[in-house]
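Fold and geometry: a report
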Amino acid sequence: MHLYAGKHVLFITTKNLDYLRNTQEIAKLRESAASVDVLGSSEKSYARRLLHVYGKLSTMSLKQYDTIFVGFAPQLILPLFGWRFRKKTVVIDFFISVYDTMIQDRKKWKDGSMLAKFCHWIDRSTLRKADRIISDTNAHGDYFAKEFDINRTQIETWYLCADRTIFYPRPQKKPAELQDKFVVLYFGSVLPVQGVDVIMQAMQLLANDPRIHFDFIGPIAQKVKKAEGDNITYINWLSQPELAEAISRADLCLAGHFNRENGKANRTIPGKAYIYEAMEKPMILGDSPANHERYSASQEGITFVEMGDPEALRNAILSCMEQWQKKSQEN
């Protein structure tokens, strides 16, 4: 953190102020900076937050700041206001690449199209205006350096963390009907990178197994074929505290990512992995370079599985269940 030691920092974000990545970065900056001022907005609407930040940046004095740290979506700030940051040290959190997300991951437009080229340009232009770049994994840092022709030494990794005021270890309280079941939980926003189709196929392979119960928390898109079975419960949405309680009831959690064809899946550590870790829950991770940055098969409760393989995921779940049964018998 020597880069920020004794510096006066302006932290800019267009995301909601209580967004975990914001609070994590602000706290980290305050460990060494002389001062950290935050420019953001408490408006619920993203458009209103963006307009608020734009208005402030258009009029406020920046003379007192040595460093400008742009958090969420620097692509919406630097192309417009980069000229105001001249003679400042500019740091950006490149947590989301527009090109990688919209073209490679979600495939909104065809690669090579004008829109794809624009997405690539806006990312590259933003990166080139920064003195220091924050990524969430080393794998992402390697990708950004290569894809956008950026000096790798400019990129530093800051891993995510869970909100430990909500997600922390607690006694397991299963409902009576699940007392003798091996409860497997997954939650997510059901994005392509997550490989939900692999999870569904693995659950279908274990459908109606009387020893296992699945809790799947998240909105299921119509294009995803749902697994059907008496041992599967679907929950569309839970609040963060309710989610923590649901996780506490589980014996095993599925972290992912399980999409083998998606490049981003190999470069990203699922945010849910940090939550399971904070709650000290056993989990299954996709066998990706990014996941190996933080986790090892030698760690208790960590199981890696080949990505894109429903049968491998099924076998990993059964193996974890056997370990759980053995421990239960010993106790």
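Figured I'd write up the structure that's included with this text. Note that the coordinates shown come from a computational prediction; the quantities given were computed from them, not determined experimentally.

Conventions adopted
- Residues numbered from 1 in each chain as written.
- Predicted model: local features only at pLDDT ≥ 70, side-chain atom pairs only at ≥ 80, totals over all residues.
- Heavy atoms only, no water.
- Helix = DSSP H or I, 4+ residues; strand = E, 2+ residues; numbered from the N terminus.
- Buried < 20%, exposed > 50% of the residue type's maximum accessible area, 1.4 Å probe, protein only.
- Contact = heavy atoms within 4.5 Å.
- Areas by Shrake-Rupley, 256 points an atom, 1.4 Å probe, with all protein chains shown as cover.
- Lys, Arg positive; Asp, Glu negative; His and termini not counted.
- Charge placed at Lys NZ, Arg CZ, Asp CG, Glu CD.
- Pairing = 2+ DSSP bridges.
- Salt bridge = Lys/Arg side-chain N within 4 Å of Asp/Glu carboxyl O.
- Phe/Tyr/Trp six-rings, centres within 6.5 Å; stacked < 30°, edge-to-face > 60°.
- Lys NZ or Arg CZ within 6 Å of the ring centre and 35° of its normal.
- Axes fitted to C-alpha atoms, helices over the stretch in contact; angles between N-to-C directions.
- Polar contact = N/O pair within 3.5 Å; in protein donor to acceptor, adjacent residues only side chain to side chain.
- Core = buried A, V, L, I, M, F, W, Y, C linked by side-chain atoms within 4.5 Å.

1. Digging into the overall build of the chain
When you go through the chain residue by residue, the secondary structure sums to 12 helices and 12 strands. If one aligns the C-alpha atoms of the chain with their principal axes, the spans along those axes are about 65 × 45 × 35 Å. Residue burial in the chain is summarised as follows: out of 331 residues, 50% are buried. Put simply, 65% of the contacts in the chain that link residues at least 6 apart link residues at least 24 apart. Total accessible area on the chain is roughly 16,300 Å²; 51% of this is exposed by carbon and sulfur atoms. In the chain, 44 positive and 39 negative side-chain charges are present, and the distance between their average locations comes to 8 Å.

2. A few points about the pairing of strand E8 (residues 212-217)
The buried fraction of E8 is high, at 6 of 6 residues. Covered by surrounding structure in E8 are Ile212, Phe214 and Phe216 together with His213, Asp215 and Ile217, the residues of both alternating faces. In terms of strand pairing, strand E7 (residues 182-187) meets E8 through 6 bridges, oriented parallel. Counterpart to Val183 in the pairing with E8 is His213. In the sheet, E8 pairs with strand E9 (residues 232-235) via 4 bridges, with the strands oriented parallel. Among the inter-strand pairings, Phe214 is bridged to a residue of E9, identified as Ile232.

3. A word on the pattern of salt bridges
Within the structure shown, the criterion is met by 13 salt bridges. Between Glu277 and Arg294 there is a salt bridge, with the nearest N and O atoms lying 3.0 Å from each other. Note that Glu277 is positioned in helix H10 (residues 271-278) and Arg294 in helix H11 (residues 289-294), a separation of 17 residues in sequence. Given the relative accessible area of 30%, Glu277 is considered partly exposed. Residue class for Arg294 comes out partly exposed when judged on its relative accessible area of 31%. Lys327 is the partner of Glu300 in a salt bridge, and the nearest nitrogen-oxygen pair spans 3.4 Å. Remark: Lys327 occurs in helix H12 (residues 310-330) and Glu300 occurs in the loop between H11 and strand E12 (302-305); sequence separation between them is 27 residues. Given a relative accessible area of 71%, Glu300 falls into the exposed group. Exposure remark for Lys327: the relative accessible area of 44% places this residue in the partly exposed category.

4. Observations regarding the packing of aromatic side chains
Applying the stated criterion across every chain yields a total of 18 aromatic pairs. Aromatic pair Phe182 and Trp324: ring centres 5.2 Å apart, planes at 50°, arrangement tilted. Remark: Trp324 occurs in helix H12 and Phe182 occurs in strand E7; sequence separation between them is 142 residues. Classification of Phe182 as buried rests on a relative accessible area of 1%. A cation over an aromatic ring shows up here: Lys15 above the ring of Phe72, its NZ or CZ 4.9 Å from the ring centre. Above the ring of Tyr143, the side-chain terminus of Arg267 is found at 3.6 Å from the ring centroid.

5. Observations concerning the sheet that holds strand E3 (residues 67-70)
Ordered by their spatial adjacency, 6 strands build an open sheet running E2-E1-E3-E4-E5-E6, and the pairing between neighbours is parallel. The open sheet terminates on both sides in strands that have one partner only, identified here as strand E2 (35-39) and strand E6 (155-157). The mean angle between the axes of side-by-side strands here comes to 20°, regardless of whether they run parallel or antiparallel. As judged from the 4 bridges shared by strand E1 (residues 8-12) and E3, these two strands associate in the parallel manner.

6. Topic: the side chain of Gln194
Among the structural elements, Gln194 can be located in the loop between E7 and helix H7 (196-205). Overall, Gln194 belongs to the buried group, its relative accessible area being 5%. A distance of 2.8 Å separates the side chain of Gln194 from the backbone nitrogen of Val190, its partner in a polar contact. When sequence neighbours within four positions are dropped, the list of residues in contact with Gln194 reads Tyr186, Gly188, Ser189, His257, Phe258, Asn259 and Lys272.

7. What to know about the nonpolar core
Core analysis: the largest hydrophobic core is formed by 31 residues, its most contacted members being Ile12, Leu57, Ile77, Phe85, Ile92 and Ile133. Listed by contribution, the elements that provide at least two residues to this core are E1, helix H2 (46-59), E3, helix H3 (78-81), strand E4 (89-93), helix H4 (98-105), helix H5 (114-128) and helix H6 (138-147). Ranked by residue count, the leading element in this core is H2, at 4 residues. With residues near it in sequence (within four places) discarded, Ile77 still touches Ile12, Thr14, Val53, Tyr54, Leu57, Val70, Gly82 and Phe85. Within the second largest apolar cluster, 30 residues are counted, among which are Leu160, Ile247, Ala255 and Ile275.

On their own, these measurements won't tell you what the molecule is for.
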